Amino acid sequence: MINNIESERPRQCLTIGRIAPDFTAMTTEGPITLSQYRGKWVLLFSHPGDFTPVCTSEFIAFAQLQPEFEKRNVQLLGVSIDSNPAHIGWLYDIYLMTGIIMPFPLIADRDANVAELYGMVNPDRIYEQSVRDVFFIDPNQRIRAILAYPATNGRNMYELLRLIDALQVSTTYGVSTPANWMPGDPVIVPVANTLEEAIERGTSSDDLTCFAWWYCFTDLSELTPLPNP
Ligand code: BEZ
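Being a predicted model, the structure only gives us computed values, none of them experimental.

A. Structural view of the packing of helix H2 (residues 53-64) against helix H4 (residues 84-98). Their axes nearest at 11 Å, the elements H2 and H4 cross at an angle of 70°. Looking at the two axes, H2 sits roughly perpendicular to H4. Note on packing geometry: the crossing formed by H2 with H4 is right-handed. Side by side, H2 and H4 meet where Cys55, Thr56, Phe59 and Ile60 of the first sit next to Trp90, Leu91, Ile94, Met97 and Thr98 of the second.

Next up, the structure:
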């Protein structure tokens, strides 16, 4: 039997498709529980530490784009292993520098409970720092996408918004989105399921553009939402 500190906490390998582990934590807006956001999309994102320049630029960028996240029914939730007083001090400095009152809660994960649950702590634990992870959690609290960036490089908020748009389109219409897709671009329809359907796709149609029976695009305006996305 392995008998060391590492073995005392079960290490999860969280993947896309799993239910996001629930947790309760203290934040800069008081205690929260992840499941209270059921019915909304949640972006749970970690940062390495308070009072650091890249993280500061990211929080300012998140705050500036908060109305865009809100439009998409997205709740932003920041997390790091700093204390709540440290978070408050840092967000207060950001307020003094920019006038921005951070419009979303920042989780104080002092005991690394959330970081452990979501595998955010660097396995080599050299700095005991979480990296820049982003978990895209859907309104049923299922993990739909995971991004990881290193401490040295800030995330692109427009890519986070673009991926939210793509996930929401896929969920609502049952379609996929191609490389470099942007809202308004054609989407990829599911592959034909029968030979008859495949042959139909070989002939031209007003609403489908097919390059092969398995490679067809359409405009979103041609589609109706799925009954129970
Ligand atoms: C930063 O946010 O600037 C940062 C944080 C941790 C390590 C390196 C950079």
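Alright, that's what it looks like, and here's the rest.
B. Structural detail: a negative patch on the surface. On the surface, Asp206, Asp207, Asp219 and Glu222 cluster together into a patch of negative charge. Within the fold, Glu222 resides in the segment after strand E10 (215-218). Exposure remark for Glu222: the relative accessible area of 45% places this residue in the partly exposed category.

C. View of the site of the ligand. In the vicinity of the ligand, the contacting residues are Pro48, Thr52, Pro53, Val54, Cys55, Arg132 and Ala151. Contact distances for the ligand include 3.0 Å between an oxygen atom and a side-chain N or O atom of Thr52. At 2.9 Å from an oxygen atom of the ligand is found a main-chain nitrogen or oxygen belonging to Cys55. Surface burial for the ligand is 78%, taken as the share of its 270 Å² of free accessible area covered by protein chains. Broken down by element, the residue count for the shell around the ligand peaks at three residues, all from H2.

D. Structural context of the sheet that holds strand E7 (residues 143-149). Strand order in this open sheet of five strands is E5-E4-E3-E6-E7, and the pairing throughout is mixed. In this open sheet, the two strands that pair with only one neighbour each are strand E5 (106-108) and E7. Averaged over all pairs of adjacent strands, the angle between their axes in this sheet comes to 20°, without regard to strand direction. For strand E3 (residues 41-46) and strand E6 (residues 132-137), the ladder comprises four bridges, and the chain directions are antiparallel. The residue bridging Val42 from the neighbouring strand is Ile137, located in E6. Here helix H6 (residues 157-173) sits on the sheet and contacts E3, strand E4 (74-80), E6 and E7; the angle it forms with E3, its principal contact strand, is near 145°.

Rules used throughout
Residues numbered from 1 in each chain as written. Predicted model: local features only at pLDDT ≥ 70, side-chain atom pairs only at ≥ 80, totals over all residues. Heavy atoms only, no water. Axes fitted to C-alpha atoms, helices over the stretch in contact; angles between N-to-C directions. Helix = DSSP H or I, 4+ residues; strand = E, 2+ residues; numbered from the N terminus. Parallel < 35°, antiparallel > 145°, perpendicular 65-115°, else oblique. Left-handed = near helix turned anticlockwise from the far one by under 90°. Contact = heavy atoms within 4.5 Å. Patch = residues over 30% accessible without salt bridge, like charges linked within 9 Å, V, L, I, M, F, W, Y side chains within 5 Å. Areas by Shrake-Rupley, 256 points an atom, 1.4 Å probe, with all protein chains shown as cover. Salt bridge = Lys/Arg side-chain N within 4 Å of Asp/Glu carboxyl O. Lys, Arg positive; Asp, Glu negative; His and termini not counted. Charge placed at Lys NZ, Arg CZ, Asp CG, Glu CD. Buried < 20%, exposed > 50% of the residue type's maximum accessible area, 1.4 Å probe, protein only. Near = heavy atom within 4 Å. Polar contact = N/O pair within 3.5 Å; in protein donor to acceptor, adjacent residues only side chain to side chain. Pairing = 2+ DSSP bridges.

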